[in-house]
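Observations on the model geometry
Letter by letter, the chains look like this.
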Amino acid sequence: MSNLLTLSDAIRTHLHQGDCVALEGFTHLIPFAAGHEIIRQEKRDLTLVRMTPDVIFDQMIGMGCAKRLVFSWGGNPGVGSLHRLRDAVEKHFPHPIEIDERSHAAMTVSYTAAAAGLPFGVMRGFLGSDLAQYNPNIKFIDCPFTGERLAAVPAIRPDVAIIHAQRADRAGNVHLWGIVGVQKEIALAARKVIVTVEEIVDDLDAPANACVLPAWVVTAVCHVPGGAAPSYAHGYYDRDNSFYQAWDEVSRDRENFQRWMRENVMDTVPVKGGA
Amino acid sequence: MMSRKQSGFPSDESFSSDEKRGDAMVATPSEVMTVVAARMLQERTVCFVGIGIPSKAANLARLTHAPQAVLIYESGTIGTRPSVLPLSIGDGELALTADTVVSTSEIFSYWLQGGRVELGFLGAAQVDRYANLNSTVIGNYQSPKVRLPGAGGAPEIAAQAKETLIIINHDRRKLVEKVDFITSAGYLDGGDSRERAGLKTGGPTAVITDLCVLRPEFQTRELVVTQLHPGVTRQTVAEATGWDVRFAEDLTQTQVPSDLELSTLRELERQTALAHSNDAAGKTSLTRNNPTAEVTRP
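All values reported here derive from a predicted model rather than from experimental measurement.

All names here are of chain A. Burial within helix H4 (residues 83–91) is extensive, with seven of its nine residues counted as buried. Inspection of H4 places His-83, Arg-84, Leu-85, Asp-87, Ala-88, Val-89 and Glu-90 among the buried residues, and these make up the whole buried set. His-92, located one to two residues past H4, shows a positive phi value of around 60°.

Each partner contributes to the interface: chain A provides 66 residues, whereas chain B provides 58 residues. Both faces considered, chain A and chain B share a buried interface measuring about 5100 Å² in area, 59% of it formed by carbon and sulfur atoms. The largest contributions to the chain A side of the interface with chain B come from Leu-127, Tyr-134 and Ile-179 of chain A, which together make up 11% of the buried area. The interface formed by chain A and chain B includes 18 residue pairs in polar contact (both at pLDDT 80 or more). Those elements that place two or more of their residues in the side of chain A that touches chain B are helix H2 (32–40), H4, strand E6 (98–101), helix H5 (104–115), helix H6 (131–134), helix H8 (241–252) and helix H9 (254–266) of chain A. The element best represented in the side of chain A that touches chain B is H8 of chain A, accounting for six residues. Taken together, the residues of the side of chain A that touches chain B sort by class into 30 nonpolar, 22 polar and 14 charged.

Trans peptide bonds make up most of the peptide bonds, and negative phi angles are found at most residues other than glycine. Residue and element names in this part refer to chain A. A cis amide bond links Phe-93 to the next residue, Pro-94, at an omega of 0°. Along the polypeptide, Pro-94 turns up in the loop between H4 and E6. A cis geometry characterises the amide bond from Ala-229 onward to Pro-230, with omega recorded as 10°. In this model, Thr-27 sits at a positive phi of 70°, which is unusual for a non-glycine residue.

All names here are of chain A. Tallied over the entire structure, the rule returns zero disulfides over all chains. The structure places no disulfide on Cys-211, whose sulfur is separated from the nearest cysteine sulfur, that of Cys-222, by 18 Å. A residue is classified by how much of its surface remains accessible, and Cys-211, at 15% relative accessible area, is buried.

This brings us to helix H4 (residues 104–113) of chain B. Of the residues making up H4 of chain B, those classed as buried are Thr-104, Ser-105, Ile-107, Phe-108 and Leu-112 of chain B. Check the buried side of H4 of chain B and you find it contacts H5 and helix H7 (183–189) of chain A together with strand E1 (46–49), strand E2 (70–73), strand E3 (77–78) and helix H5 (154–160) of chain B.

Moving on: the nonpolar core. If you look at the biggest cluster of nonpolar residues, it comprises 66 residues, and the most contacted ones within it are Val-174 of chain A together with Leu-41 and Phe-121 of chain B. With six residues, helix H1 (residues 29–39) of chain B is the single largest residue contributor to this core. Those residues in contact with Val-174 of chain A, other than ones at most four positions away along the chain, are Ala-165, Arg-167, Ala-168, Val-195, Leu-204, Cys-211, Val-212, Leu-213, Val-218 and Val-221 of chain A. Membership of the second largest hydrophobic core comes to 48 residues, among which are Ala-105 of chain A together with Val-46, Leu-223 and Ala-240 of chain B.

Turning our attention to the sheet that holds E3 of chain B. Residue and element names in this part refer to chain B. Taking strand neighbours across the sheet as the criterion, the 10 strands line up as E4-E3-E2-E1-E5-E10-E12-E13-E14-E15 in an open arrangement whose pairing is mixed. Pairing within the sheet leaves two strands with one partner each, and these edge strands are strand E4 (100–101) and strand E15 (247–253). Bridging between strand E13 (residues 212–216) and strand E14 (residues 223–228) involves five bridges; their strand directions are antiparallel. What sits directly across from Pro-216, in E14, is Leu-223. Its contacts with the sheet put helix H2 (residues 53–63) on E1, E2, strand E5 (119–122) and strand E10 (163–167), and the angle it makes with E2 is roughly 160°. Running over the sheet, H4 touches E1, E2 and E3 and is turned about 145° from E1.

Conventions and cut-offs
- Residues numbered from 1 in each chain as written.
- Chains lettered and ligands numbered in written order.
- Predicted model: local features only at pLDDT ≥ 70, side-chain atom pairs only at ≥ 80, totals over all residues.
- Heavy atoms only, no water.
- Buried < 20%, exposed > 50% of the residue type's maximum accessible area, 1.4 Å probe, protein only.
- Helix = DSSP H or I, 4+ residues; strand = E, 2+ residues; numbered from the N terminus.
- Contact = heavy atoms within 4.5 Å.
- Buried area = accessible area lost by both parts, 1.4 Å probe.
- Polar contact = N/O pair within 3.5 Å; in protein donor to acceptor, adjacent residues only side chain to side chain.
- Nonpolar A, V, L, I, M, F, W, Y, C, P; charged D, E, K, R; others polar.
- Disulfide = S-S within 2.5 Å.
- Core = buried A, V, L, I, M, F, W, Y, C linked by side-chain atoms within 4.5 Å.
- Pairing = 2+ DSSP bridges.
- Axes fitted to C-alpha atoms, helices over the stretch in contact; angles between N-to-C directions.

Spatial relationships are all this shows, so hold off on functional conclusions.
Below, the structure written as structure tokens:
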């Protein structure tokens, strides 16, 4: 039961100013509540890591949490642009951010390399693409056996990884399913892992090959029902597509965005969570 | 081949508005584009699908002539058969109707890089004369005029699928002489430059627009117009293309979408709109969906 914490305690204790933090979840199981707690606790100078920044990083970037962004696809899925991300890159508002831009495949390779304790990952990629020209973290190596030219990307080993999952048991073992994305990879890549869950159960009763993170690799488990909304938790609630569509309008204008964040994130009470 | 039904051809005028819905069985330009793309997906093909029009076309193919096509989305869903089109690449519908759901790292390593994908269906913000794709920036990379979403899975799909199809709306800002940024390699500078760069797969075999189909010419690899959609003139295509586009000697005419193709497409869109408006029912207020407030488990 040792790793059960409230969300605000988990963020306060384990995430520090200037840290590299990954919040993962491929459209599914995005840890929105945790991102909001990071915003409320005014964590700054963070290196934010996510394959798809999504609305959660749009909010964190717009609220000034980010120094650097590591990503591979920065749109509002099914809708269009992430306006706060664009404002930061195009007009340096609220301040300039550095970007380390890879492809989806390269991000997954960077995570699996870190999870496997390797300094870099190797893949067949970026030949003919301009990305390698602008990103010093994409390099080419020759295969020592065949001579084939392959791309290499450094491992991404965040200080903290945060994911959402369906459930945990009282010992803090975590079980997730559906579109599992890179939840397991990023959890094993990071130095510390915070998992928010929909519910705490007595017995996970997970099938043999289920995606389970044993308690001893999870730093903190926080009970946060609804913690992935407006993304979704398979078996619990659907993706709120109307939120993503409405976000386009809210986020387009700086003041409108700040007012929304004040009313819906800053001035709200954090979820109780915990044991 | 079915004979061409003259009555099915809309006038030039009816093609002027993208959004305009045609009469009962007269296709809009956007519908023609989707149908033409769908026809290129053959039965049993293993196809890696991007969101948007590629996804619409791939599912139309599956619901008409290619029921056993295998659709793979980068969210890790393999052999998915969504009853409505997903709004995002990771919609639950894709997982619920898939043969299997694997991790994102597995989909890119074992399935795409492993050479198991025959066809990649891609969109982009820009495509150039040699079928290179840009989905990264308009303008300069370091200080872009427009920051686009970025690569996603496209560079590896373009490099590792045995062949790719590109779907894009036809206008001068999208079909350009040279893309501002090569996100995903097509034929690079033309000729054998793709092969010389070390790319081993076939590359783009067609660019399907709402006006026509362009294909890479045999040796130069330059995109030339090979097929005009109903009611579209050479002049319209030339004016909407950002380079001095050439037309194939054996230029053909797109076969008008059949009633079955059109009615299937429209029904798919209707069901999709219905499903997504149900999603939204009772959840239209942003504040009521405040994710940090105490949320009762549905």
